Amino acid sequence: MGSHHDSLFAAAVLFLVLDGIVVFLRVYVRTRVVRGFGWDDFVLCLTYTGFVISLGLGFTAMHYGYAADDVQPWYNKKKATMFTYGNQTTLYISAGLVKLAVALVLLRIAVGKGIRYLLIGSMGVVGVWTIITVLFASWICATGGSSNWAGSERCTQVGYFRTISNIFIDYFYALLPIYILRGSQMKTKLKLIAIFLLGLGVFASTATIVKLVIIVRLPHATGKAADGLHYDLLLWADIELGLAILAASAAALRPLLRHIPALFDGTTKHGSHGTQDSGPYHELVINTRDTNKSKAIEGETPRSPKPRQSIIPGASSSDEELFRVR
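These notes cover the structure that comes with them.

### Focus on the overall build of the protein
Across its full length, the protein carries 10 helices and two strands. For the protein, the succession of helices and strands along the chain, N to C, is α-α-α-α-β-β-α-α-α-α-α-α. Looking at the protein as a whole, 48% of its 326 residues qualify as buried. Expressed as a percentage of contacts within the protein between residues at least 6 apart in sequence, the contacts between residues at least 24 apart total 75%. Accessible surface, the protein as shown: approximately 16,000 Å² in total, 66% of it carbon and sulfur.

Below is the structure:
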């Protein structure tokens, strides 16, 4: 088994490259394919920028000896601690931003006022949650220049609260698409694909659950065992944010999936006639204002050959175009 240093470095490089590719493809799709770059894209790009800064600070901390098993002339504990502090702080900020990005994606495809108010309210809660947890992590519960959830009983309780509430928020945004898409006119297989793309954030929660286990063990560990748990906690924090960025970008890559015939066999005929954006997501209809319309017969030929337009001006190439609403 490799050292903590090697594990941290490998995970950072993996998600730096993987997330970079996915975010680039998302920006390409939104600016060159559907031409609908929005606030969710901006916040996600901001999140990735924070992730890059965080990893850069983490690489610098490791250069100065953080999590190292050997001794080198250039190692400097004070500098390693300082850069680790910056790494953790930017991670916590970025973790809040990626949740806001997911909420903005869902806000663009939600039609019902109740769901929209719920999402707006949740964004306010996430904003307050991010500010409070960052304050605790970077100031109140910072010991020796880095976050220490085992530093006191209060900080341990805050660590539990942050991690458990993080899991709840992730599952909330991952499962909400099931409710949003419940009245859609779409084949079951394609509806499941849509829900899967929008709900990929649940995979990021697996890393959060591992973090919770580590935090539970921290108060009972001492010496090198405690140091190892802190290294593992940072490792899984990197994995958590990397998976969250990856999941948040997935839904916007839908146009690229048209090149996978197995996903789209027999579906283009259901698209709107005369449109360039045919495909399974084109036939998805979310109508929270009139539930009777959601009972339309699957595969019914559109009455009008005219292209269907989004109800939101200037947003016909955005997420509501990916998951057609009316």
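Moving on from the model shown.
### Looking at helix α7 (residues 201–217)
Given a rise of 1.5 Å per residue, 17 residues ought to cover 24 Å, and the 25 Å separating the end C-alpha atoms of α7 matches this to within 8%. By the burial criterion, the buried members of α7 are A204, S205, A207, T208, K211, I214 and I215. Seen along its axis, α7 keeps its buried residues to an arc of 165 degrees; they face one direction. Where α7 is buried, its residues meet α5 (153–180) and α8 (223–250).

### Details of the side chain of D40
You can see D40 is positioned in helix α2 (residues 39–63). Accessibility expressed as a relative area gives 1% for D40, which makes it buried. Within polar-contact distance, the side chain of D40 engages the side chain of R108 at 2.4 Å.

Quick notes on the rules
- Residues numbered from 1 in each chain as written.
- Predicted model: local features only at pLDDT ≥ 70, side-chain atom pairs only at ≥ 80, totals over all residues.
- Heavy atoms only, no water.
- Helix = DSSP H or I, 4+ residues; strand = E, 2+ residues; numbered from the N terminus.
- Buried < 20%, exposed > 50% of the residue type's maximum accessible area, 1.4 Å probe, protein only.
- Contact = heavy atoms within 4.5 Å.
- Areas by Shrake-Rupley, 256 points an atom, 1.4 Å probe, with all protein chains shown as cover.
- Expected span 1.5 Å × (residues − 1).
- Arc of directions from axis to C-beta.
- Polar contact = N/O pair within 3.5 Å; in protein donor to acceptor, adjacent residues only side chain to side chain.

Note that all results are geometric; they support no functional claim without further evidence.
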